[in-house]
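Each chain, letter by letter, is given below.
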Amino acid sequence: MELLEMMMRRRSIRKYQSTKVEREKLNKIQTAGLYAPNPGGRQGARIIMLDDAALIDRIGVVNADCENRNWDRGVSAEQPSIIDDRTIRSGFYSCPALGIVFVPEAACRTVNGIGSAFVCAENMVLEAYELGVASCIVGRAEATFIHPKMRTLIRQWGLEGYEPVVFICLGYVDGPYPEVKPREPGRALFAGGA
């Protein structure tokens, strides 16, 4: 499949089967993140992959509690988010695997550091899609890991001096894969000479 077609077809999935994602697929998804563009070629991002459902759920509950669920509009009726359905208790939607992108603490306070983490996440979700693994990028990582119990995990993982920026939920879609939604008109602009 052509890259642009993959980008157009990939959807954010929030309904997952409990089936574990194979380790070789998780390794490829992680590698895709490591090869993302990075500021100054510093390769500062660190990516941890989790496949312990209980640990993912524990972090996900803290993550959901960090969200203001009073948005003025919903996210998706087909793949409801924690904004759409307040009974969803985990911000990770019971995904069986989770990637977390960290950047050095100093970089976390810069646009380049945050941007590089999200570029890693984008590479990861595209590789996941190619491998038949569903995904969803979730924010609130820094807010999630403010809690003392969560800070303990950072120490356990040997990531002192790094801050979490973004999560990538991974798993196999439960139900039909969502169709491509039309794009809002007027978003693509071109400026320049002829």
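Residues numbered from 1 in each chain as written. Predicted model: local features only at pLDDT ≥ 70, side-chain atom pairs only at ≥ 80, totals over all residues. Heavy atoms only, no water.

**Examining the overall build of the protein**
- A count of helices and strands for the protein gives seven helices and four strands.
- Each helix and strand of the protein, ordered N terminal to C terminal, gives the series α-α-β-α-β-α-α-β-α-α-β.
- For 194 residues, the compact-globule estimate of 2.2 N^0.38 gives 16 Å, and the protein sits close to it at 17 Å.
- Projected onto its principal axes, the C-alpha coordinates of the protein cover approximately 55 × 40 × 40 Å.
- Out of the 194 residues in the protein, the part that is buried amounts to 43%.
- Taking the intrachain contacts of the protein between residues at least 6 apart in sequence as the baseline, contacts between residues at least 24 apart amount to 80%.
- As displayed, the protein has an accessible area near 11,000 Å², and 53% of this comes from carbon and sulfur atoms.
- Taken together, the 24 basic and 23 acidic charged side chains of the protein have centroids lying 3 Å from each other. (Helix = DSSP H or I, 4+ residues; strand = E, 2+ residues; numbered from the N terminus. Rg over C-alpha atoms; globule rule 2.2 N^0.38 Å. Buried < 20%, exposed > 50% of the residue type's maximum accessible area, 1.4 Å probe, protein only. Contact = heavy atoms within 4.5 Å. Areas by Shrake-Rupley, 256 points an atom, 1.4 Å probe, with all protein chains shown as cover. Lys, Arg positive; Asp, Glu negative; His and termini not counted. Charge placed at Lys NZ, Arg CZ, Asp CG, Glu CD.)

**Description of the confidence of the model for the protein**
- For the protein, mean pLDDT is 90; residues scoring 70 or higher make up 96% of the total.
- Averaged pLDDT values over the elements of the protein bottom out at 80 in helix H4 (residues 105-108) and peak at 98 in helix H2 (residues 23-34). (pLDDT = per-residue confidence, 0-100.)

**Considering the sheet that holds strand S4 (residues 162-171)**
- Read across the open sheet, the four strands follow the order S1-S2-S4-S3; overall the sheet is antiparallel. At either margin of the open sheet sits one strand with a lone partner, and together these are strand S1 (46-50) and strand S3 (134-138). Averaged over all pairs of adjacent strands, the angle between strand axes in this sheet comes to 25 degrees, irrespective of strand direction.
- In the sheet, S3 pairs with S4 via five bridges, with the strands oriented antiparallel. Directly across from Ser-135, in S4, lies its bridge partner Leu-170.
- Taken strand by strand, H2 contacts S1, strand S2 (97-104) and S4, and its axis lies near 160 degrees from that of S1.
- Here helix H3 (residues 53-65) sits on the sheet in contact with S1, S2, S3 and S4, set at roughly 115 degrees to S1. (Pairing = 2+ DSSP bridges. Axes fitted to C-alpha atoms, helices over the stretch in contact; angles between N-to-C directions.)

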